[in-house]
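Commentary on secondary and tertiary structure
These are the residues of each chain, in order.
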Amino acid sequence: MYILHSCGNLRNKRCNLQDFAEAFRLAFGLVLSGDRDLFEIIVLSLQVSLSALMISCVIGFTLGTLVAVTRFPGRGLAVVTFNTLMGLPPVVVGLLVYLLLSRAGPLGTLGLLYTPTAMIIAQAILITPIVAALTRQIIEDLFSEYDELFQSLGLSVWQAMGALLWDARYSLITVALAGFGRAIAEVGAVMIVGGNIDHLTRVMTTAIALETSKGDLALALALGIVLLAISMTVNALALSMRATAARQAYA
Amino acid sequence: MREFTLQMPHSVNAGSASKAAAKAASLFPLAVNALIFEAGGRRLIDRLDLTLSAAGTTILMGPNGAGKSLLLRLLHGLILPSDGTISWGGKQPDRDIQRRQALVFQKPVLLRRSVTDNIDFVLRLHGQADAERRQELLARVGLLELAHQPARRLSGGEQQRLALARALATRPEVLLLDEPTSSLDPASVLMIEQIVRETAARGVKVIFVTHDIGQARRLADDVVFLHRGSVAEHAPAAAFFSNPSSSVARDFLAGRIIL
Ligand SMILES: Nc1ncnc2c1ncn2[C@@H]1O[C@H](COP(=O)(O)OP(=O)(O)O)[C@@H](O)[C@H]1O
Ligand SMILES: [Mg+2]
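1. A short note on the overall build of chain A
Scanning chain A from terminus to terminus reveals 11 helices and 0 strands. In sequence order, the secondary structure elements of chain A are arranged as α-α-α-α-α-α-α-α-α-α-α. Dimensions of chain A, computed from the C-alpha atoms along their principal axes, are close to 75 × 50 × 30 Å. Burial statistics for chain A: of 251 residues in total, 47% are counted as buried. Within chain A, residue pairs in contact and separated by at least 24 positions form 74% of the contacts whose partners lie at least 6 positions apart.

This is how it looks when you write it as structure tokens:
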């Protein structure tokens, strides 16, 4: 999509199949030669998204499980909120975090805007509802099966939560992978709060957007290929996780 | 048929019930008074009265839908009555009383873990994770060779034996079983009945739901016959099987259909 769009904008380059072929050749060259700039961007992307994922899992697993095993007034609202927030548009999250962290904002004094930390915060906000909502669903199904056993054994809420989280581990890894997939592919939020600063906050998605608009299709494509590979790996892992769970009859 | 199942080590649960009973007040007599349970606009347990003593194995019998499973859940405190009282030695079912009892469900509920971890989970809860005791329990139900299998890959009979071993791991004073052997292989049925007998012989009160008349005859000290949510008859086993006083029990024993 970006490629076609940029072709339209490039006046002094003729856009044809040969250019595409050349771009692909260069892209693979960059990936295979271990280009430093490329790898810097990849490493930062992974750092940001994995950190965000870690935060989201700690919060999302806990909240999702808590809501699944407890009954309290307003519980239905919590469930609806999780499910609604699952579809948060990344640019809106970016905007909110921007307002929060900008100099005039409530957390402005921390000076976090345009840092990787800001990007981690934005991505964590983006995927925590996903992790929480999917976790709630999974744990609730499991709990309906274990509920009477746990009551009979006299488990406390915390003991029950621990046991449920452990027994749902394969499904929860799949949830984490889904969250990671969303974080690493997201562009709007990190663009706004990170600013796409070279060597500082440039990640794969923002670099692709920039390089494409500049007309450097090779780097953009190289990053696109890496992003695709990561996405495929994540999906393969999710698939094998499901297979493992089924094989062990833990699912 | 595995012969070793009939000569199991006798130390697993020995003396536990009497030790616990010395510490806490006895759970007996169990007195159920005018118990009512309603759900979905239907009265499913209907002014049920029942008194059970600490001794022996009580068999809970009755046609499908009589309320046997509901009564067991009410006694254990998993569901609350709509009206009436349940008193275990003078106390309402609560968490403390629940912990002194163990319930084996009709359809075993096993954790998504290995056989070993299913036992260890309960041992740890009771602060006594102990490999030796776990091995003893597994040996007792004939599952030593399957110790490292995922529990949910076991056959139905093996799963129920594991559930029973897990129940015994809590050293209960009362063992409640809800049709534990319905649709199991004969070897598992025999093993479970044997363990239940041994457990009762050690002073654990057993309340066993079944609608298998043969099984009731093999295990019962006394029989409670439920019909439409209340007790139609409660009698010592010998009397119940030779000369049932209620017409529904007589029909049931004769193999007639009860409405
Ligand atoms: N939670 C519930 N809500 C409504 N009806 C129930 C509930 N649990 C059981 N029942 C009904 O109560 C009756 C007795 O059930 P149950 O105790 O399971 O019978 P059984 O003697 O076969 O174990 C059945 O008709 C069943 O459908
Ligand atoms: Mg039943």
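2. Considering the sheet that holds strand β7 (residues 205-209) of chain B
The strands that make up a sheet are held in pairs by hydrogen bonds between backbone atoms, and each pair lies either parallel or antiparallel. Residues and elements named next belong to chain B. As summarised here, the arrangement of the 6 strands in space is β5-β6-β7-β3-β8-β9, forming an open sheet in which the pairing is mixed. The open sheet has two free edges, formed respectively by β5 (101-104) and β9 (230-236), since each of these has just one partner strand. Geometrically, the sheet is characterised by an average inter-axis angle of 15° between neighbouring strands, direction not taken into account. The sheet contact formed by strand β3 (residues 57-61) and β7 spans 4 bridges and is parallel. When the sheet's bridge partners are listed, Thr58 is paired in β7 with Ile207. Taken strand by strand, helix α2 (residues 68-76) contacts β3, β5, β6 (174-178), β7 and β8 (222-227), and its axis lies near 155° from that of β6. In the packing of helix α6 (residues 156-169) onto the sheet, contacts are made with β5 and β6, and the angle to β5 comes to roughly 175°.

3. Description of the sheet that holds strand β2 (residues 42-52) of chain B
Residue and element names in this part refer to chain B. Spatial ordering of the open sheet is given by β2-β1-β4, a layout of 3 strands whose pairing is antiparallel. Whereas interior strands pair on both sides, the edge strands pair on one side only; in this sheet they are β2 and β4 (83-88). Taken pair by pair, the neighbouring strands of this sheet meet at an average axis angle of 20°, ignoring direction. Bridge analysis of strand β1 (residues 30-39) against β2 gives 7 bridges, and the strand direction is antiparallel. Looking at β2, one finds that Leu35 is bridged to Leu48.

4. Considering the pattern of salt bridges
Residues and elements named next belong to chain B. This structure, assessed with the given rule, holds 22 salt bridges over all chains. Between Asp96 and Arg100 there is a salt bridge, with the nearest N and O atoms lying 4.0 Å from each other. On the basis of relative accessibility, which here comes to 38%, the residue Asp96 falls in the partly exposed class. Look at Arg100 and you get buried, because its relative accessible area is 10%. Glu198 is paired through a salt bridge with Arg202; the nearest N and O atoms lie 3.9 Å apart.

5. Details of the packing of helix α3 (residues 36-69) of chain A against helix α11 (residues 217-247) of chain A
All names here are of chain A. Orientation of α3 relative to α11, taken along the N-to-C sense of each, is 40°, at an axis distance of 11 Å. Viewed along their axes, α3 and α11 adopt a mutual orientation that is oblique. Crossing hand, α3 versus α11: right-handed. Between α3, through Leu38, Ile41, Ile42 and Leu46, and α11, the contact on the second element is made entirely by Leu219, Ala222, Leu223, Val226 and Ile230. A per-class count over the contact of α3 with α11 returns 9 nonpolar, no polar and no charged.

6. Comments concerning the site of ligand 1
Residue and element names in this part refer to chain B. The immediate surroundings of ligand 1 are formed by Ala39, Arg42, Leu44, Pro63, Asn64, Gly65, Ala66, Gly67, Lys68, Ser69 and Leu70. Between an oxygen atom of ligand 1 and a side-chain N or O atom of Arg42, the distance comes to 3.2 Å. Gly67 has a polar backbone atom sitting 3.0 Å from an oxygen atom of ligand 1. In the complex, the protein chains occlude 61% of the 560 Å² of accessible area that ligand 1 would expose alone. Going through the elements one at a time, β2 and α2 are the ones with two or more residues in the shell around ligand 1. Looking at which element gives the most residues to the shell around ligand 1, the answer is α2, with 3 residues. Taken together, the residues that form the shell around ligand 1 break down as 5 nonpolar, 4 polar and 2 charged.

7. Some points on the pairing of β3 of chain B
Residues and elements named next belong to chain B. With 5 of 5 residues buried, β3 lies mostly within the body of the structure. The sheet contact formed by β3 and β8 spans 4 bridges and is parallel. Paired with Ile59 across the two strands is Val223, which belongs to β8.

8. Concerning the side chain of Thr65 of chain A
All names here are of chain A. In this structure, Thr65 sits in helix α3. From its side chain, Thr65 meets the backbone oxygen of Phe61 in a polar contact 2.6 Å long. When sequence neighbours within four positions are dropped, the list of residues in contact with Thr65 reads Thr135, Ile139, Met161 and Leu165.

9. As for the nonpolar core
One finds Phe150 of chain A together with Trp88 and Leu175 of chain B to be the most contacted residues of the largest nonpolar core, which totals 148 residues. Both domains that meet at this core, namely domain 1 (1-33) and domain 2 (36-250) of chain A, each give it at least three residues. In this view, Phe150 of chain A contacts Phe143, Leu155, Ala160, Ala163 and Leu164 of chain A together with Leu111 and Phe121 of chain B; residues no more than four positions away in its chain are not counted.

10. Here we look at the confidence of the model for chain B
Residue and element names in this part refer to chain B. Residue-level pLDDT values for chain B average 90, and 91% of them are 70 or greater. In this model, residues 1-22 is a region of pLDDT below 50 whose contacts with residues beyond four sequence positions or in other chains number 37 contacts. This prediction of the complex comes with two scores: 0.88 for pTM and 0.88 for ipTM.

The rules behind these values
Residues numbered from 1 in each chain as written. Chains lettered and ligands numbered in written order. Predicted model: local features only at pLDDT ≥ 70, side-chain atom pairs only at ≥ 80, totals over all residues. Heavy atoms only, no water. Helix = DSSP H or I, 4+ residues; strand = E, 2+ residues; numbered from the N terminus. Buried < 20%, exposed > 50% of the residue type's maximum accessible area, 1.4 Å probe, protein only. Contact = heavy atoms within 4.5 Å. Pairing = 2+ DSSP bridges. Axes fitted to C-alpha atoms, helices over the stretch in contact; angles between N-to-C directions. Salt bridge = Lys/Arg side-chain N within 4 Å of Asp/Glu carboxyl O. Parallel < 35°, antiparallel > 145°, perpendicular 65-115°, else oblique. Left-handed = near helix turned anticlockwise from the far one by under 90°. Nonpolar A, V, L, I, M, F, W, Y, C, P; charged D, E, K, R; others polar. Near = heavy atom within 4 Å. Polar contact = N/O pair within 3.5 Å; in protein donor to acceptor, adjacent residues only side chain to side chain. Areas by Shrake-Rupley, 256 points an atom, 1.4 Å probe, with all protein chains shown as cover. Core = buried A, V, L, I, M, F, W, Y, C linked by side-chain atoms within 4.5 Å. Domains from an automatic or database assignment. pLDDT = per-residue confidence, 0-100.

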